[in-house]
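# Structure assessment
Letter by letter, the chains look like this.
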Amino acid sequence: MASSCSCNSVNFKAASFHPNKPLAPTPSHLLLPTSKSSQLASLSLRLNQNPSQTHFRKSKAVPGLQVVASSQKGEPLRVMISGAPASGKGTQCELITKKYNLVHIAAGDLLRAEVAAGTENGKRAKEFMEMGKLVPDEIVVMMVKERLSRQDSQENGWLLDGYPRSESQATALKKFGFVPDIFILLEVPEEILVERVVGRRLDPVTGKIYHLTYSPPETEEIAARLTQRFDDTEEKVKLRLLTHNSNVESMLSLYEDQIVKVDGTLPKEEVFSQIDRALTELFTKKEAALGSLAA
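About the thresholds
Going along each chain's sequence as written, the residues are numbered from 1 onward. With pLDDT at 70 or above as the cut-off, local features in this predicted model cover only qualifying residues; side-chain atom pairs require 80 or more to be listed or tallied, and sums for whole chains, interfaces and linings still use all residues. Processing note: side-chain calculations cover all non-hydrogen atoms of the structure and skip hydrogens and water entirely. UniProt positions are given in the numbering used here, feature names are shortened, and annotations may be inferred rather than shown by experiment. For this document, the term salt bridge refers to a Lys or Arg side-chain nitrogen within 4 Å of an Asp or Glu carboxyl oxygen. Residue burial is assigned from relative accessible area. The probe radius is 1.4 Å, only protein chains are included, and a residue is buried under 20% of its type maximum, exposed over 50%, and partly exposed in between. Secondary structure counts use DSSP, requiring at least four H or I residues in a row for a helix and at least two E residues in a row for a strand, with both numbered from the N terminus. Pairing of N or O atoms within 3.5 Å defines a polar contact, subject to two protein rules: one partner must be a possible hydrogen donor and the other a possible acceptor, and residues neighboring in sequence count only if both atoms are side-chain atoms. It only takes one pair of heavy atoms within 4.5 Å for two residues to be counted as in contact.

The protein has the name adenylate kinase in an unreviewed UniProt entry, where Salvia divinorum is given as its organism. Under the heading Catalytic activity (unreviewed entry), UniProt records this for the protein: "AMP + ATP = 2 ADP". Annotation of the protein in UniProt includes, under Sequence similarities (unreviewed entry), the sentence "Belongs to the adenylate kinase family."

Right, here's the structure in full:
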């Protein structure tokens, strides 16, 4: 997705990991900075023309991944994350949720749950689904609004996964008062996304997802039963990418002050390391603001 804006550059110094050693707790001074004097020692910012956006550049991959549940008790985080099909968004949502204990909200999962539970919104949505029509935005927006309004979301914070997907959805949420602290945008070139999607295979027995190149099946028996999703073809994935890019482009102006761009071509461990540092920095600012109000 092309963009004419000039983004900031952020360089991170990755932590060292050893896959065969127990994971050590994250140092408390990294988990919960308590004043403006607390700094992230490994974070170096180089500000260019547009201070509203941050862009993560490639650095050396880390050999392992440490995800330690955060004990931070300050103001909860409000996070939105967007990424094209095969950008690794699902993996990053799992890692973010695990560490920060955020309420993970995916509109598709929420829609299916509401239909299964027979809620009022679920009944309305089911009528459209049974007719083979798309569920109108206003119904899905109300489902998301109600989920964001629940006590656990308000107390623990939330991670809105792949939603909103259009300017109208984003505008509706904003009118209800739901604005993210940070909008994480995973960026992966189209040719890499196509390669990732076309090579995906599903094991119908276990439900595990494989990739013919990056994560091949362990045995010939498993390989023989793998199937490919009907829309995991080059032609169809390019259409999906076109729709995704158009939707994201329409929302950029609404979230320009919250956007953090992350290079999704890196190993998943390093992608999470970058996101983790951005969220930790956000906590630092929140805690500093709370401290100044209490003083």
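For the coordinates displayed, the defined rule picks out 17 salt bridges. The salt bridge involving aspartate 152 is made with arginine 147; its shortest N-O contact spans 2.8 Å. Judged by relative accessible area, which is 14%, arginine 147 ranks as buried. One salt-bridge network, held together by shared partners, links Arg200, Arg229, Asp231, Asp232 and Arg240.

What follows is about the side chain of aspartate 161. In this structure, aspartate 161 sits in strand β6 (residues 158-161). With a relative accessible area of 11%, aspartate 161 lands in the buried category. A distance of 2.5 Å separates polar atoms of two side chains, one belonging to aspartate 161 and the other to lysine 89. Not counting residues within four places of it along the chain, the set of residues in contact with aspartate 161 comprises Ile81, Lys89, Cys93, His104, Ile105, Ala106 and Ala107.

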